2 protein chains.
Amino acid sequence: MNKPYVIGVDIGGTNTVFGIVDARGQVIESDSIKTRKHTNFDDFVSELYEGVKRLLEKNEAEDKIQGIGIGAPNANYYTGEIINPPNLPWEGPVIPLADKVSKAFGGIPVAVTNDANAAALGEMTYGAARGMKDFIMITLGTGVGSGIVVNGQLVYGHDGFAGELGHLIVKRNNGRMCGCGRTGCLEAYCSATGVARTAREFLEVRTEPSTLRDLQIEDITSKDVYDAAVAGDKMAKDIFNYTGTILGEAFADMVSFTSPQAIILFGGLAKSGDLLMKPLQEAFDKSVMPVFRGKTKIILSELKESDAAVLGASALGWEAKNMA
Amino acid sequence: MNKPYVIGVDIGGTNTVFGIVDARGQVIESDSIKTRKHTNFDDFVSELYEGVKRLLEKNEAEDKIQGIGIGAPNANYYTGEIINPPNLPWEGPVIPLADKVSKAFGGIPVAVTNDANAAALGEMTYGAARGMKDFIMITLGTGVGSGIVVNGQLVYGHDGFAGELGHLIVKRNNGRMCGCGRTGCLEAYCSATGVARTAREFLEVRTEPSTLRDLQIEDITSKDVYDAAVAGDKMAKDIFNYTGTILGEAFADMVSFTSPQAIILFGGLAKSGDLLMKPLQEAFDKSVMPVFRGKTKIILSELKESDAAVLGASALGWEAKNMA
């Protein structure tokens, strides 16, 4: 018997957002708790359960849940665990996420994946990738995340950790340090923090005037660079050109890999408009292999940002029913 | 009703090899014709048909063929066509390969793919990748080809041309010209011709003695470099170090993409032993993202080289039966 709803849960570094979602991708109702309030993981799960229960009771949906989908950093689809969470308060190295949540909810099937894979699923189920069998989701936030879909399926790889396109090496010599412990990763250049780092580099190396010089150099954010560029600041525009060019060149390599129908962008930086998209598209068109030229669209997510994380995670909830 | 044999056909630039193959990967018998003898494609197909017919009659296998699998440069799995063949004598730009061969053989199902994808299928069906659901096949020949397997399926992409890993960009500045029209591709460095180009560069730029200096610089082949390195020539060894390092770094990026259980090497250059494999493995171990460290094996093909092309193509013949 099909049940009409799933629950989507997005565990972020600050907030954990959860909601009831129907098959058309409508978020019936959502709420959130503070991720870092409990250092004990069982306490976190209890509070999550209480929060979801309130939503279910209010919407008379207690018996209408097919499954629960959870997106979380470093969550592994195969094992249902969070491995070495970089930014979560619970004791690791391994947190049995799916198992504990399923038990708390009386055995409802639970599936987990990382946040970028959840975004890709959300886009495929409810957004810009509906009907696509081959596409790549790129999330441009604090870091650069990715979810790769091939033949209509997410690419998990043999260990469940595939799709780390933010860690393709884009500078082989003298590349920037990356949080992963290596140097020259895409993420070190084309994330929000990467843009801020570029700003600091440009301000130090170049001598031309810029309104960015009025700010404390250590406090500059990608938002500051965006505002300056919109106001016409030449150096700020150059920073976006630099970022978009690196991203476009990296996208060309991604196309040589899986030849996707589209690369879909999501996240704060993706909303920079032509400032980012124009140099990105130019570099991509120039760099892509001739056999793929003109075939892969670079487009923006169609999911409302406030709903996207819950929607993406919830999409996995429909799948979870089949795995129980 | 299952039939016990498939036919594998490998269309190369010089020879077209074909054979009868059983379900255990035994080549019952094989033969070949000259690819370039006929400039008219129909005449080529007629000669192929006659050649295969002789084999079938001799082995009393006329009624025992499930399907025909064909590997050919630029062959497209989805359309069954060869597109813009770079090195074949027939009038293009589009050659309806599957259609014409199937008609010539009285409607037997035919499936086609490019040579590197065929190699991956062969390895998965009969070779080193048996039982693997996620691996990458890299062919190191005149060029660098690749076949990517994800979730047990070849990655074709939305247009059938995915898996061009020989054209990942490994040098973003002042990279070598590549046959694809761009610069800095992996293939321009790590193919047999890439090794010869490296030799010419080293000989021109460096001043140290080398037995390679006894050869005509324009005629040097990767085989010459191999022979010199085996004999202890320092520069020749450096050329292999250079080649293996670039390859190992590129493999690290490939792992960030699909997290394969193994990367499998095939082709002349792959038989260079430790000369290539040692620097390759070292660069790979150093470059791979920490989360993937120690997980992906780099191994050699287990298929006999004389049989591999026919075996690989034949593996597609089993699949072709399902598409008819």
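Residues numbered from 1 in each chain as written. Chains lettered and ligands numbered in written order. Predicted model: local features only at pLDDT ≥ 70, side-chain atom pairs only at ≥ 80, totals over all residues. Heavy atoms only, no water.

**What about the relation of the copies chain A and chain B?**
Okay, step 1: The operation relating chain A to chain B is a screw motion whose rotation component is 180°, with 0.0 Å of axial translation and a residual RMSD of 0.0 Å. Expressed as a symmetry operation, the mapping of one chain copy onto the other fits a two-fold axis.
Okay, step 2: A shared binding surface is used by both copies, with 100% of the interface residues of chain A retained as interface residues in chain B. (Least-squares fit on C-alpha atoms with pLDDT ≥ 70 in both. Contact = heavy atoms within 4.5 Å.)

**What about unusual backbone geometry?**
Okay, step 1: Backbone geometry places N74 of chain A, a non-glycine residue, at a positive phi of 60°.
Okay, step 2: Within the fold, N74 of chain A resides in the loop between strand 4 (65-71) and strand 5 (82-83).
Okay, step 3: For N74 of chain A, a relative accessible area of 31% gives the class partly exposed.
Okay, step 4: Backbone geometry places N151 of chain B, a non-glycine residue, at a positive phi of 50°.
Okay, step 5: By the secondary structure assignment, N151 of chain B is in the loop between strand 9 (144-150) and strand 10 (153-154).
Okay, step 6: For N151 of chain B, a relative accessible area of 19% gives the class buried. (Helix = DSSP H or I, 4+ residues; strand = E, 2+ residues; numbered from the N terminus. Buried < 20%, exposed > 50% of the residue type's maximum accessible area, 1.4 Å probe, protein only.)

**Quick notes on the interface of chain A and chain B**
A common measure of how large an interface is: the accessible area buried when the components associate.
Okay, step 1: Across the boundary between the two partners, chain A contributes 42 residues, which contact 42 residues of chain B.
Okay, step 2: With both chains or domains summed, chain A and chain B bury close to 3,500 Å², and 57% of this area falls on carbon and sulfur atoms.
Okay, step 3: Between K295 of chain A and D159 of chain B there is a salt bridge, with its nearest N and O atoms 2.7 Å apart.
Okay, step 4: At the junction of chain A and chain B, the tally comes to 22 residue pairs in polar contact (both at pLDDT 80 or more).
Okay, step 5: Breaking the side of chain A that touches chain B down by element, the ones donating at least two residues are strand 9 (144-150), strand 10 (153-154) and helix 7 (234-258) of chain A.
Okay, step 6: The dominant element in the side of chain A that touches chain B, judged by the number of residues it contributes, is helix 7 of chain A, at seven residues. (Buried area = accessible area lost by both parts, 1.4 Å probe. Salt bridge = Lys/Arg side-chain N within 4 Å of Asp/Glu carboxyl O. Polar contact = N/O pair within 3.5 Å; in protein donor to acceptor, adjacent residues only side chain to side chain.)

**With respect to the side chain of D253 of chain A**
Okay, step 1: Summarising the element assignment, D253 of chain A is placed in helix 7.
Okay, step 2: Those residues in contact with D253 of chain A, other than ones at most four positions away along the chain, are H167, L168, I169 and R172 of chain B.

**Description of the sheet that holds strand 3 (residues 27-34) of chain A**
Residues and elements named next belong to chain A.
Okay, step 1: Reading across the sheet, the five strands line up as 3-2-1-4-7 and stay open at both edges, with mixed pairing between neighbours. Here the strands that pair on one side only, and so sit at the sheet edges, are strand 3 and strand 7 (110-113). For this sheet, the mean angle separating the axes of adjacent strands, direction not counted, is 15°.
Okay, step 2: Where strand 1 (residues 5-11) meets strand 4, five bridges bridge the pair, whose relative direction is parallel. Within strand 4, the residue paired with V9 across the bridge is I70.
Okay, step 3: Contacts between helix 1 (residues 41-58) and the sheet are confined to strand 1, strand 2 (15-22), strand 3 and strand 4, with strand 2 contributing the most and set at about 35° to the helix. (Pairing = 2+ DSSP bridges. Axes fitted to C-alpha atoms, helices over the stretch in contact; angles between N-to-C directions.)

**Brief notes about the environment of Q216 of chain B**
All names here are of chain B.
Okay, step 1: Here Q216 shows up in the loop between helix 5 (192-205) and helix 6 (222-230).
Okay, step 2: For Q216, a relative accessible area of 58% puts it in the exposed group.
Okay, step 3: Sequence separation of Q216 and R200 is 16 residues, and the distance between their C-alpha atoms is 10.0 Å.

**Observations concerning helix 3 (residues 115-126) of chain B**
All names here are of chain B.
Okay, step 1: With twelve residues, helix 3 should cover 16 Å at 1.5 Å per step; its first-to-last C-alpha distance of 16 Å lies within 8% of that length.
Okay, step 2: Most of helix 3 sits out of view: ten of its twelve residues are buried.
Okay, step 3: Buried within helix 3 we find A116, N117, A118, A119, A120, L121, G122, E123, M124 and Y126.
Okay, step 4: For helix 3, the side-chain oxygen to backbone nitrogen distance between the N-cap and A116 is 3.0 Å, and the N-cap itself is N114. (Expected span 1.5 Å × (residues − 1).)

**What to know about the environment of D42 of chain A**
All names here are of chain A.
Okay, step 1: Checked against the element boundaries, D42 lands in helix 1.
Okay, step 2: Under the relative-accessibility criterion, D42 is labelled partly exposed at 37%.
Okay, step 3: Along the primary structure D42 and A104 are separated by 62 residues, whereas in three dimensions their C-alpha atoms are 9.3 Å apart.

**Some details on the packing of aromatic side chains**
Okay, step 1: Evaluated as defined, the whole model comprises 19 aromatic pairs over all chains.
Okay, step 2: Seen in terms of ring centroids, F41 of chain B and F44 of chain B are 5.9 Å apart; in terms of plane orientation they differ by 25°. Their pairing is stacked. Of this pair, F41 of chain B and F44 of chain B both sit in helix 1 (residues 41-58), separated by three residues, roughly a single helical turn.
Okay, step 3: Three or more aromatic residues joined by ring pairs make a cluster, and in this case those are F41, F44 and W90 of chain A. (Phe/Tyr/Trp six-rings, centres within 6.5 Å; stacked < 30°, edge-to-face > 60°.)

**Looking at the pattern of salt bridges**
Residue and element names in this part refer to chain A.
Okay, step 1: Under the defined criterion, the tally for this structure stands at 32 salt bridges over all chains.
Okay, step 2: Across the salt bridge formed by E208 and R206, the nearest N and O atoms sit 3.4 Å from each other.
Okay, step 3: Overall, R206 belongs to the partly exposed group, its relative accessible area being 27%.
Okay, step 4: A salt bridge links K304 to D307; the nearest nitrogen and oxygen atoms lie 3.7 Å apart.

**Some points on helix 5 (residues 192-205) of chain A**
Residues and elements named next belong to chain A.
Okay, step 1: With 14 residues, helix 5 extends 20 Å between its outermost C-alpha atoms, agreeing within 8% with the 20 Å of an ideal straight helix rising 1.5 Å per residue.
Okay, step 2: Those residues of helix 5 that sit buried are G194, V195, A196, T198, A199, R200, F202 and L203.
Okay, step 3: Close packing links the buried residues of helix 5 with helix 4 (187-190), helix 6 (222-230) and helix 7.

**Side note on the sheet that holds strand 9 of chain A**
All names here are of chain A.
Okay, step 1: Spatial strand order, 10-9-8-11-12: five strands in an open sheet with mixed pairing. Looking at strand neighbours, the two that pair on one side only are strand 10 and strand 12 (297-300), the edges of this open sheet.
Okay, step 2: Here strand 9 pairs with strand 10 via two bridges, running antiparallel. Residue pairing across strands places V149 opposite L154, the latter belonging to strand 10.
Okay, step 3: Where helix 3 (residues 115-126) meets the sheet, its contacts fall on strand 8 (135-140), strand 9, strand 10 and strand 11 (262-266), and the angle it forms with strand 9 comes to roughly 50°.
Okay, step 4: The sheet strands contacting helix 7 are strand 8, strand 9, strand 11 and strand 12, and the helix crosses strand 8 at an angle near 150°.

Honestly, it's all geometry; don't read function into it.
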